[in-house]
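Commentary on secondary and tertiary structure
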Amino acid sequence: MHKLAEKLFPLNRSITGDGVRKTLSLLGENIKDLVIFEVPSGTKVFDWVVPKEWSILSGYILTPGGKKICDFNQNNLHVIGYSAPVNDSISLEDLDKHLYSLSDQPNAIPYVTSYYAERWGFCITHKERALLEEGVYKVKVDSCLFDGNLTYGELIIKGQTDKEVLISTYVCHPSMANDQLSGPVVVTYLAKWLQLLQSRKYTYRIIFVPETIGSITYLSKNISQMKKNIIAGFNVSCVGDDRSYSYLPSRNGKTLSDQVSKHILKWTDPDYVSYEWSDRGSDERQFCAPGIDLPIASIMRTKYGKYPEYHTSLDDLQNVVTPSGLEGGYEVLRLTIEAIENNCYPQIKVLGEPQLGKRGLYPTISTKNSASETFLLTELITWSDGNHSLLDIAEKCNVPIWELYPLIKKLQAQKLLVLEDYVV
Amino acid sequence: MHKLAEKLFPLNRSITGDGVRKTLSLLGENIKDLVIFEVPSGTKVFDWVVPKEWSILSGYILTPGGKKICDFNQNNLHVIGYSAPVNDSISLEDLDKHLYSLSDQPNAIPYVTSYYAERWGFCITHKERALLEEGVYKVKVDSCLFDGNLTYGELIIKGQTDKEVLISTYVCHPSMANDQLSGPVVVTYLAKWLQLLQSRKYTYRIIFVPETIGSITYLSKNISQMKKNIIAGFNVSCVGDDRSYSYLPSRNGKTLSDQVSKHILKWTDPDYVSYEWSDRGSDERQFCAPGIDLPIASIMRTKYGKYPEYHTSLDDLQNVVTPSGLEGGYEVLRLTIEAIENNCYPQIKVLGEPQLGKRGLYPTISTKNSASETFLLTELITWSDGNHSLLDIAEKCNVPIWELYPLIKKLQAQKLLVLEDYVV
Amino acid sequence: MHKLAEKLFPLNRSITGDGVRKTLSLLGENIKDLVIFEVPSGTKVFDWVVPKEWSILSGYILTPGGKKICDFNQNNLHVIGYSAPVNDSISLEDLDKHLYSLSDQPNAIPYVTSYYAERWGFCITHKERALLEEGVYKVKVDSCLFDGNLTYGELIIKGQTDKEVLISTYVCHPSMANDQLSGPVVVTYLAKWLQLLQSRKYTYRIIFVPETIGSITYLSKNISQMKKNIIAGFNVSCVGDDRSYSYLPSRNGKTLSDQVSKHILKWTDPDYVSYEWSDRGSDERQFCAPGIDLPIASIMRTKYGKYPEYHTSLDDLQNVVTPSGLEGGYEVLRLTIEAIENNCYPQIKVLGEPQLGKRGLYPTISTKNSASETFLLTELITWSDGNHSLLDIAEKCNVPIWELYPLIKKLQAQKLLVLEDYVV
């Protein structure tokens, strides 16, 4: 995953344009059946309109001394996203109004975008900005806005039922690691794992979209089918560092996605950070908006906005995102999906306790300690009343749900259980 | 308000009689359309009967030394409420059985009534009682009980709907300030404010009744219409001192009145005192009785029974009830009514987030901090799903509801909201 | 009760056989109308089969020195329950595989059974076991397993309605006191008390069954009537020592039985131990199994498994079970049944507060303190809205329910109340 992220890092992604296309193309080399969609500028999508496409060839500043700084081709964060073209010579005073830097992070180039008003600007480290001298500066951005398309990728992996799990991630940020590349690379590897499974109970709808306008566009085209079929889902963002695990609820807060997320995180990292809906900031804002109301939660490593390198050039693949960080993000999401696949409403088929002894599941000699040996099995049986999901039972027994999978198999082998699927 | 209270102070109010009539007449000079009702003695009202009317001209004791003490015309608390007439000469020992004083408040004349058994008696400061010498005392109460009427006042202020807010206060206590006059004067000024509003969503039913028997009488005549229309209401009592704010719930505890009261008090005085239904003591006992079950809560300053001057001559307009105390009581009730008027179920009209930027409601440049600037607006939007009242939303956002009024106006101006009225 | 327990102590009870029959016969001498049922070996009962009957005449070991030890006729715990017959001479090494003792309780003979696999064995104190010398031992168990019956007792005490309260206890353990005899003797005396009552609202179904297989057998024969009629019930076990009171919930946890148990225990012993459903271990496992779901809770003194003498010869009538321990167990169950009999949904018949004064239930003179005198009565009235059970009201008033019985009578005498029966 880390190597794939390295390949994707230099591309100049934005909410539209060739950076997104190249990113999706590279991801498509790793997962089969990824379909790319293009939606024309000007298309009405709910309360929004698909914007013009943004293209940029170069951008830089020439200092009075002739030095080229803020060179887009060195680091695509140097030019603000959706910057209008400019080609001018101006004083330092005038230039200053178009510069963005962070006084408390003097070595960081900030990530700034201008949606959807025309302006030009450069992002620069505060350290470099402080050294700028009086004089005439040449500013050049060779960009254009034109009627083009918004691009996104979609992968449908069929399951035994039409009921769906949504996995969404975004592909619109330029060269940043945790708050950009961690999402698409982890989702790519989750897709590979899902495609390799012998069978899946649910159908998986996996989408790679530009944030906000992309999810709105996708929803506006697919909302009726999504509302009908989606039983759970996750917005995958910031899943690549090693510092923590986090959970952000759906607006509803009590969906299957929320229940499973909290359960899996509790047993993965008891110290995981639990955010509120008011801490939201990514595409869950659209998926859970009033009237949309999809059951989408977020499982993250360190959340956007909560680590110092966020939205700067310091969010990189060296110090922030690591192979083990990505692995942890992947694994917790894999366990979560596995729990959704295994969740069901077990119902015991006999009245009274089943006679476990004759089935070799209970000791035939009764001493002071015999009950404890089969404790978890009898707990599973007593709650298998058709009203408790396997997840509920795991919570009641205070064990990770995966400890119940082999016991369910044992009871099924004895034809003692009926499993009812989870129904929304 | 304090000046009006001063005018009303000397009148000899009781559950019936001219003291109530004069009080209502003085209030009627301040609010137009107050209608006075008379209900004859003997009328059956639920489990009760309207009592005989009590009239008293004078009452006093002549000491053996010829000194006139306990003179009703000096202080109407000196004769117990509903005292039977007496005209006799008796020993100190016999007199003593008819005297009421408070050993722990030696300078206070207590307030004592005799409902509904015939007896006579005098209330006296413990200090004066201690000085009484042996000898023959002349006792005189020139009172009579006769078939008359119970008197109450009613003011209906029409709103856009038939749904009503009830405001009830009592007018049956003699010369006491917090536990008597604070209620009627604050309600009088609330009525004036309501009458001056350009429009009101709800109709206001404002009543001035004798406590207990008056509210029972009023309910027995109006119960069916009240049960049909009243969506919220308040019993207004003890709203005139400066020492605290208090809340006493309805019997149900979860009505709109309860929700609004707790919200407004929390943001007016975080240290407000929250009582239980078991602490009740005024007309909420009738309004919330089983089978009546109106949504009536109480917002008070310092509650009856909880301040040392309660039910004594020390409950006065000098040391207990103050202009600022009354102003605080008025203001918290005004804010409460305003919250009920503004409460609604807002519903956003677009799917997904609305594009605030194109409406000038969101910054077009995205930096690290842009989200926080419009945080409250987006919180309001995300909860405007038609299932949360504005009050619920204020609680979720942890802001006073009045901070949301201008935001609601902004979104309405953009035609982004539908407002559903509160429905019981 | 303690004397009856002494009589029952020596009998060799098991899940089948004459020990159970003799026990039921002795109990039948104390309560009239106890009916004995016999269910043939081989009868299919839910997932189980009624086992062969076990009969044992003698059992012992002869040491190399000719000493008779582990003599069944001295203490029936010496031979493991359902031991197969044996008649052999073996080495100490071979004997050792058939001996059961407790190293941490060297003076205790453990209680061990072998359900449902054929094996033979002896239970011995660890102290005696340690003294056994090398040599040839003669082992003799004169027992047999044959097609017989499983025996249980049932007593139906008719009430005014068909709705039933179940009281179940077990009769299958040999000579032990708290975890055997305390249950049947306390239930016997509860039955005597119930039979002597002038009338009962509910019908009482009282059963004496072998644990597990007995309750399963009983349920399989009576389940449809039990599910239709039973509104509450208790499994009575370990109610004879003085050390504590305990509660174990039904699987549901919120049945009437649970509510009443917790209420009565709180007011009997505020330090009572509250167990979880996962701590279950007796016939509540069958009564509350999925699909059975009867409202059965357990009230105990010190719970099975939670005292050191449990399932050993030390669980006796001298040091563990005492007359006062049994009396406490009886009394808390009697109060519980009384609460179920008295529970109802009271509804006040007048609108507004009733006028208590004219009925002599309220002081006619109103002073600062008059309200407190009748506080509990007015609390009862205010919650008598038909939606709160008497038990709910006692909880709201924070008083034991029995303090409300006389007040209910007072209000009934005044025709102020309608009492609705508890309905499941």
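Residues numbered from 1 in each chain as written. Chains lettered and ligands numbered in written order. Predicted model: local features only at pLDDT ≥ 70, side-chain atom pairs only at ≥ 80, totals over all residues. Heavy atoms only, no water.

1. Brief notes about the packing of aromatic side chains
- Counted by the stated rule, this structure contains 15 aromatic pairs over all chains.
- For the ring pair B:Trp54 and B:Tyr82, a centre distance of 5.7 Å and an interplane angle of 25 degrees mean the geometry is stacked. Of this pair, B:Trp54 sits in strand E4 (residues 53-62) while B:Tyr82 sits in the loop between strand E5 (68-69) and strand E6 (86-91); the two residues are 28 residues apart in sequence, bridging distant segments of the chain.
- Members of the aromatic cluster, joined through ring pairs, are A:Phe37, A:Tyr152 and A:Tyr218.
- Cation over ring: B:Lys68 sits above B:Tyr60, and NZ or CZ is 4.5 Å from the ring centre.
- A cation over an aromatic ring shows up here: B:Arg301 above the ring of B:Tyr245, its NZ or CZ 3.8 Å from the ring centre. (Phe/Tyr/Trp six-rings, centres within 6.5 Å; stacked < 30°, edge-to-face > 60°. Helix = DSSP H or I, 4+ residues; strand = E, 2+ residues; numbered from the N terminus. Lys NZ or Arg CZ within 6 Å of the ring centre and 35° of its normal.)

2. Some words on helix H11 (residues 375-383) of chain A
- Most of H11(A) is tucked away, with seven of its nine residues classed as buried.
- Check the buried side of H11(A) and you find it contacts strand E18 (344-348), helix H12 (390-397) and helix H13 (405-413) of chain A. (Buried < 20%, exposed > 50% of the residue type's maximum accessible area, 1.4 Å probe, protein only. Contact = heavy atoms within 4.5 Å.)

3. Description of the relation of the copies chain B and chain A
- For the pair chain B and chain A, the relating rotation is 120 degrees, the translation along its axis is 0.2 Å, and the fit reaches an RMSD of 0.1 Å. Look at the turn and shift together and you get a three-fold axis relating the two. If distances are taken from each C-alpha of chain B to the rotation axis, the shortest is found for B:Lys254, at 13 Å. (Least-squares fit on C-alpha atoms with pLDDT ≥ 70 in both.)

4. As for the interface of chain B and chain A
- Taken together, the contacts link 23 residues of chain B with 30 residues of chain A.
- Across the chain B to chain A interface the summed buried area is about 2,200 Å²; carbon plus sulfur atoms make up 50%.
- Seen at the junction of chain B and chain A, the total is 11 residue pairs in polar contact (both at pLDDT 80 or more).
- Put simply, the parts of the chain that give the side of chain B that touches chain A at least two residues each are strand E19 (365-366) and helix H11 (375-383) of chain B.
- Among the elements that make up the side of chain B that touches chain A, the one with the highest residue count is H11(B) (six residues). (Buried area = accessible area lost by both parts, 1.4 Å probe. Polar contact = N/O pair within 3.5 Å; in protein donor to acceptor, adjacent residues only side chain to side chain.)

5. Observations concerning the environment of C:Val273
All names here are of chain C.
- Here valine 273 lies in strand E16 (residues 273-274).
- In sequence terms valine 273 and threonine 302 are 29 residues apart; their C-alpha atoms lie 8.7 Å from each other.
- Among residues more than four places away in sequence, those in contact with valine 273 are Tyr245, Ser246 and Tyr247.

6. Thoughts on the packing of H11(B) against helix H12 (residues 390-397) of chain B
All names here are of chain B.
- Orientation of H11 relative to H12, taken along the N-to-C sense of each, is 130 degrees, at an axis distance of 10 Å. In terms of orientation, H11 lies oblique with respect to H12. Remark: the crossing between H11 and H12 carries right-handed chirality. Facing H11, whose interface residues are Leu376, Glu379, Leu380 and Trp383, H12 presents Leu390, Ile393, Lys396 and Cys397.
- Residue composition of the contact of H11 with H12, grouped by class: six nonpolar, no polar and two charged. (Axes fitted to C-alpha atoms, helices over the stretch in contact; angles between N-to-C directions. Parallel < 35°, antiparallel > 145°, perpendicular 65-115°, else oblique. Left-handed = near helix turned anticlockwise from the far one by under 90°. Nonpolar A, V, L, I, M, F, W, Y, C, P; charged D, E, K, R; others polar.)

7. Some details on helix H9 (residues 323-342) of chain C
- A rise of 1.5 Å per residue sets the reference length of H9(C), with its 20 residues, at 28 Å; its end C-alpha atoms lie 28 Å apart and thus fit the reference within 8%.
- In terms of residue burial, H9(C) counts as a mostly covered element, since 14 of its 20 residues are buried. (Expected span 1.5 Å × (residues − 1).)

8. A look at the interface of chain C and chain B
- Taken together, the contact between chain C and chain B spans 22 residues of the former and 30 residues of the latter.
- For the pair chain C and chain B, the number of links is five salt bridges.
- The salt bridge involving B:Arg285 is made with C:Glu353; its shortest N-O contact spans 2.8 Å.
- Taken together, the links from chain C to chain B amount to 11 residue pairs in polar contact (both at pLDDT 80 or more).
- Counting residues per element, the side of chain C that touches chain B draws most heavily on helix H11 (residues 375-383) of chain C, which supplies six residues. (Salt bridge = Lys/Arg side-chain N within 4 Å of Asp/Glu carboxyl O.)

In short, geometric facts, not functional conclusions.
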